[in-house]
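Structural overview for review
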Amino acid sequence: MQNQRQVVDYALQRRALLAGVRSGRVGTRDVCDADPYLLRAARFHGEPSEAPCPLCGKDGLTNVSWVFGEQLKHVSGSARTPTELARLANLVGEFNVHVVEVCRTCRWNHLVRSYVSGNGTPHGPSRRTAGQ
């Protein structure tokens with residue numbers, strides 16, 4: 001996507017969490033806790049990944065993109081497909097995207113990346129004064 005800026009990659013945090021699971025300091029029940037809404041979003045709005053799940057090793061890891069922002073109004077807080085993200089990026093001034101990887105088999109989920117997207121044009125509500 002061409003309009004990504006202020007990208008934050010959570011690979012180091014993910015690696016540390018997986019190391020904690022492998023060493024036994026963190027239980028798998030603590031990291032395999034995707035709620036049903038996230039699993040549904042992965043099924044209907046997710047983008048399949050070629051990487052296997054880091055815990056169960058099965059194929060089918062899915063990236064789900066969640067959008068947030070005032071300019072999105074009722075769409076804020078929902079999962080969107082890559083096609084919908086591209087459309088929003090052209091229509092909306094600025095919004096945040098959080099990409100979560102999800103395994104629908106073992107329910108592993110982790111924030112992978114976040115970024116700001118949009119066309120950069122402010123689209124705030126127009127403010128008119130009385131009499132104008």
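Residues numbered from 1 in each chain as written. Predicted model: local features only at pLDDT ≥ 70, side-chain atom pairs only at ≥ 80, totals over all residues. Heavy atoms only, no water.

The name an unreviewed UniProt entry assigns to the chain is DUF5318 domain-containing protein, from the organism Amycolatopsis thermoflava.

**Here's the deal with the pattern of salt bridges**
If the charged atoms of two oppositely charged side chains come close together, the side chains can form a pair. Scanning the model with the defined rule gives 3 salt bridges in all. Note that R5 is salt-bridged to E94, the shortest N-O span being 3.9 Å. On the criterion of sequence distance, the pair formed by R5 in strand β1 (residues 5–9) and E94 in the loop between α4 (82–91) and β5 (95–103) is long-range, its members being 89 residues apart. With a relative accessible area of 46%, E94 lands in the partly exposed category. R14 is paired through a salt bridge with E101; the nearest N and O atoms lie 2.5 Å apart. Taken together, the positions of R14 in helix α1 (residues 11–23) and E101 in strand β5 put the pair 87 residues apart, joining distant regions of the chain. Note on E101: relative accessible area 6%, which makes it buried. (Salt bridge = Lys/Arg side-chain N within 4 Å of Asp/Glu carboxyl O. Helix = DSSP H or I, 4+ residues; strand = E, 2+ residues; numbered from the N terminus. Buried < 20%, exposed > 50% of the residue type's maximum accessible area, 1.4 Å probe, protein only.)

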